[in-house]
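Here's the letter readout for the chains.
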Amino acid sequence: MKLGIVGLPNVGKSTLFNSLTKAGAESANYPFCTIDPNIGIVPVPDERLKVLTDLYHSEKTTPAMIEFVDIAGLVKGASKGEGLGNQFLSNIREVDAIVHVVRCFENSNIIHVDGSIDPMRDIETINLELIFSDIEILERRIARASKGARNDKSLAKEVELLKRLKEHLEEGRLAKSFVTEDEDELGWIAEYNLLTGKPVIYAANVSEDDLADDGASNAFVGRVQEYARKEGAEVFVICAQIEQEIAELDDDEKKMFLEDLGLKESGLEKLIRASYSLLGLISYLTAGPQESRAWTIKRGTKAPQAAGKIHSDFERGFIRAEIVNYDNLVACGSYNAAREKGLVRSEGKEYVVRDGDVILFRFNV
Ligand code: GDP
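Everything quoted here is computed from the prediction, not taken from an experiment.

> Honestly, the nonpolar core in this entry has me stumped. Any pointers?
As a rule of thumb, soluble globular proteins bury nonpolar side chains together. Core analysis: the largest hydrophobic core is formed by 77 residues, its most contacted members being L16, I66, F68, L74, I92 and Y202. The residue makeup of this core includes at least three contributed by each of domain 1 (2-45 + 63-113 + 198-279) and domain 3 (300-363). Core analysis: the next-biggest nonpolar cluster, separate from the first, contains 19 residues, V159, L162, L174 and I189 among them.

> Just to check I follow, could you spell out the pattern of salt bridges for this structure?
Once their charged atoms are close, side chains differing in charge can pair, the charge on each being opposite to the other. Throughout the structure, instances matching the rule amount to 24 salt bridges. One network of salt bridges, with partners in common, ties together D46, R48 and D355.

> Looking at this structure, I do not really get the UniProt feature "binding site: ATP" (unreviewed entry) in the chain. What am I missing?
According to UniProt, the "binding site: ATP" (unreviewed entry) feature falls on N10, V11, G12, K13, S14 and T15. Turning to its location among the elements, S14 is positioned in helix 1 (residues 13-26). Judged by relative accessible area, S14 falls into the partly exposed class, the value being 40%. Topologically, T15 is positioned in helix 1. Contact partners of T15, with chain neighbours within four places excluded, come to A240, Q241 and Q244.

> What is the right way to read a negative patch on the surface from this model?
Negative charge collects at one region of the surface, where D250, D251, D252 and E253 lie side by side. According to the relative accessible area criterion, D251 is exposed, its value standing at 57%.

> Looking at this structure, I do not really get helix 5 (residues 153-170). What am I missing?
Because each turn of an α-helix spans 3.6 residues, side chains separated by three or four positions end up pointing in the same direction. Between its first and last C-alpha atoms helix 5 spans 26 Å; for 18 residues at 1.5 Å apiece the expected length is 26 Å, and the two agree. Taken together, the buried positions of helix 5 are E158, V159, L161, L162, L165, K166, H168 and L169. Of the surrounding secondary structure, the elements contacted by the buried residues of helix 5 are helix 4 (119-149) and helix 6 (183-192). The opening residue of helix 5, the one whose side-chain oxygen lies 2.9 Å from the backbone nitrogen of S154, is D152.

> It is not clear to me how the packing of helix 4 against helix 5 should be interpreted in this structure. Could you clarify?
A pair of packed helices is captured by two measures, namely the crossing angle of their axes and the spacing between those axes. Where helix 4 meets helix 5, the axes come as close as 9 Å, and the angle between the chain directions of the two elements is 160°. Looking at the two axes, helix 4 sits roughly antiparallel to helix 5. Viewed along their axes, helix 4 and helix 5 form a crossing whose handedness is left-handed. For the pair helix 4 and helix 5, contact is made by I131, D134, I135, L138, E139, R141, I142, A145, S146, G148 and A149 and by L155, A156, E158, V159, L162, K163, L165, K166, L169 and E170, respectively.

> In this structure, what is going on with the domain arrangement of the chain? I would like to understand it.
A common way to state how big an interface is: give the accessible area lost once the parts meet. The assigned domain composition of the chain is domain 1 (2-45 + 63-113 + 198-279), domain 2 (129-196) and domain 3 (300-363). One C-alpha centre belongs to domain 1, the other to domain 2; they are set 31 Å apart. On the side of domain 2, 14 residues touch domain 1, which itself brings 14 residues to the contact. For the pair domain 1 and domain 2, the summed buried area comes to about 1100 Å², and 49% of that belongs to carbon and sulfur atoms. Of all residues in domain 1, S79, R93 and K198 give up the largest surface area on contact with domain 2, accounting jointly for 56% of the area buried on that side. A salt bridge links D134 to R93; its shortest N-O distance comes to 3.5 Å. Linking domain 1 with domain 2 are six residue pairs in polar contact (both at pLDDT 80 or more), by the criterion used here.

> Looking at this structure, I do not really get the UniProt feature "domain: TGS" (unreviewed entry) in the chain. What am I missing?
This chain's UniProt record puts "domain: TGS" (unreviewed entry) on residues 280-363. When the span residues 280-363 is considered, its composition is 29% helix and 38% strand, and the gap between its end C-alpha atoms is 27 Å.

> Even after reading the chapter, I still don't get unusual backbone geometry, so can you show me in this structure?
Although it is not a glycine, N193 adopts a positive phi angle of roughly 50°. The residue N193 is located in the loop between helix 6 and strand 6 (200-205) in this model. Residue classification places N193 among the partly exposed positions, given a relative accessible area of 32%. In this structure, D214 takes a positive phi of about 55° despite not being glycine. Relative to the helices and strands, D214 is located in the loop between strand 6 and helix 7 (219-231).

Rules used throughout
Residues numbered from 1 in each chain as written. Predicted model: local features only at pLDDT ≥ 70, side-chain atom pairs only at ≥ 80, totals over all residues. Heavy atoms only, no water. Core = buried A, V, L, I, M, F, W, Y, C linked by side-chain atoms within 4.5 Å. Buried < 20%, exposed > 50% of the residue type's maximum accessible area, 1.4 Å probe, protein only. Domains from an automatic or database assignment. Salt bridge = Lys/Arg side-chain N within 4 Å of Asp/Glu carboxyl O. UniProt positions renumbered as here; feature names shortened; annotations may be inferred. Helix = DSSP H or I, 4+ residues; strand = E, 2+ residues; numbered from the N terminus. Contact = heavy atoms within 4.5 Å. Patch = residues over 30% accessible without salt bridge, like charges linked within 9 Å, V, L, I, M, F, W, Y side chains within 5 Å. Areas by Shrake-Rupley, 256 points an atom, 1.4 Å probe, with all protein chains shown as cover. Lys, Arg positive; Asp, Glu negative; His and termini not counted. Charge placed at Lys NZ, Arg CZ, Asp CG, Glu CD. Expected span 1.5 Å × (residues − 1). Polar contact = N/O pair within 3.5 Å; in protein donor to acceptor, adjacent residues only side chain to side chain. Axes fitted to C-alpha atoms, helices over the stretch in contact; angles between N-to-C directions. Parallel < 35°, antiparallel > 145°, perpendicular 65-115°, else oblique. Left-handed = near helix turned anticlockwise from the far one by under 90°. Buried area = accessible area lost by both parts, 1.4 Å probe.

Written as structure tokens, this is what we have:
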């Protein structure tokens, strides 16, 4: 599961990406952190882990991780092969969700590719390239599927869908807003892996001065929010430059720095958590003297499959899961106290694991 960071040149993508990877490098011993200069594996901030580590005197704390890819170089005309356009578009096709950085900060020293600051135009420029690229995919599919459609009812149905979807995109709309409840059609659309079907978060990159009121006094931000609302997307207000500076501080310095700015946590932390959630991911927790750890699962995962994240033996030999809700555990002060109060539940194979479940798996070897 990974997110791609996209946006026009000079909007602050690399600055944001660098602050993400710097924050990631901090949490160390992940050797794959530097596998590729454009890929960053970043810890998901989770206050609960710190609390569990203290409660259990754990030797080690291991956060959940999430992967970001810096997809630079998307420009107007990319879908027509401008620059290395097609290559960048195919990089986007490989990600599960998109963080779209839009420039909302003024700075006459940093030129904008289109000469002025206008986040709405920027969003439309990028979205149009994504739409063009999707249309091309659909056209290729139509050409291929049409050949057999005369003798194949299912293919004929698919061609009809492809044409409707293409019309939808040609009106400047995203695949995400295409409505169908037909199971076949939903299956086909998922197969096409369209760029404009991917979930998006907009990161409104503002100047430092705009951070205190979360961008409320920045008119550009308001317009991005209004646009995103129609699209059903979220907007995060960040200052990439400040994030880069914060990422270099140690924990105490960071806390003081944020307090000075009147903030509880950095924009980056909020953005990482929102990205995690955008991917449909949640964390369950394990805790003990050796390690307190967050484990990533897709929302809706059942207990045996969740156990399988730790080890395949746990899934194969799954008997049951002993679960206490994080808040209950902390309120009781210890696992035994929670058990005495009847707050430790025993769950079986059909249990759907929830975010913040603290779990002990019982299994046969
Ligand atoms: P990219 O081309 O989208 O990757 O943009 P960069 O991250 O390279 O940023 C372009 C320029 O804008 C650099 O000089 C950054 O220092 C500057 N920049 C990025 N974010 C901010 C910001 O939040 N505020 C200000 N004032 N400048 C920024």
